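The primary structure of each chain is shown beneath.
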Amino acid sequence: MKTIHILNGPNLNLLGQREPEIYGRETLADVESACARVAGEKGFAVALRQSNHEGQIVDWIHEARQEASGIVINPAAYTHTSVAILDALNAFEGPVIEVHISNVHKREAFRHRSYVSLRADGVIAGCGIEGYELGVRRICSLLA
């Protein structure tokens, strides 16, 4: 079965607890369950991971080169700072969808710039955790 990696950056381990007025009350476990359902309908599996450490995310992207058909990534704060994550994604040959739970364009100006978008095949922002499901659906479509 083909696998889609769902990678999450810093502070997303607190999803559902941290700033629920911005990020909602759902947790990463809710994200994983919803994405597994959507992927399963299309014959895919998901592997969801979260780290507060940039190097770990880079390592997971490297692993995805051998293990994953596509990547859905919410790099969180690393969106705006990480050339290392961009470079790792540039070495990944499958589709990449960038997801943000909040609408980053309605927030602080520094959040309007994304290094990851330079590689992403699509960007989804402001749809809450449903954005992950949309990202998984798009990966499945791109790989069909």
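Analysis parameters
- Residues numbered from 1 in each chain as written.
- Predicted model: local features only at pLDDT ≥ 70, side-chain atom pairs only at ≥ 80, totals over all residues.
- Heavy atoms only, no water.
- UniProt positions renumbered as here; feature names shortened; annotations may be inferred.
- Salt bridge = Lys/Arg side-chain N within 4 Å of Asp/Glu carboxyl O.
- Helix = DSSP H or I, 4+ residues; strand = E, 2+ residues; numbered from the N terminus.
- Buried < 20%, exposed > 50% of the residue type's maximum accessible area, 1.4 Å probe, protein only.

An unreviewed UniProt entry lists the chain under the name 3-dehydroquinate dehydratase, with Rhodovulum visakhapatnamense as the source organism. Regarding the chain, the relevant UniProt record gives this comment under Catalytic activity (unreviewed entry): "3-dehydroquinate = 3-dehydroshikimate + H2O".

Now for the pattern of salt bridges. As a working rule, side chains carrying opposite charge can pair if their charged atoms are close by. Counted by the stated rule, this structure contains 5 salt bridges. Across the pair Arg-37 and Glu-41 runs a salt bridge, and its minimum N-O distance is 3.7 Å. Within this pair, Arg-37 and its partner Glu-41 are both found in helix H2 (residues 28-41), separated by 4 residues, close to a single helical turn. With relative accessibility at 42%, the residue Arg-37 sits in the partly exposed group. Put simply, Arg-119 and Asp-121 hold a salt bridge, and the shortest N to O gap is 3.1 Å. Residue class for Arg-119 comes out buried when judged on its relative accessible area of 13%.

All right, on to the UniProt feature "binding site: substrate" (unreviewed entry) in the chain then. Mapped onto the present numbering, the UniProt feature "binding site: substrate" (unreviewed entry) falls at Asn-74, His-80, Asp-87, Ile-101, Ser-102 and Arg-111. Within the secondary structure, Asp-87 sits in helix H4 (residues 83-90).

Along the chain, Cys-35 turns up in helix H2. C-alpha of Cys-35 to C-alpha of Tyr-132: the two residues are 97 residues apart in sequence and 6.8 Å apart in space.

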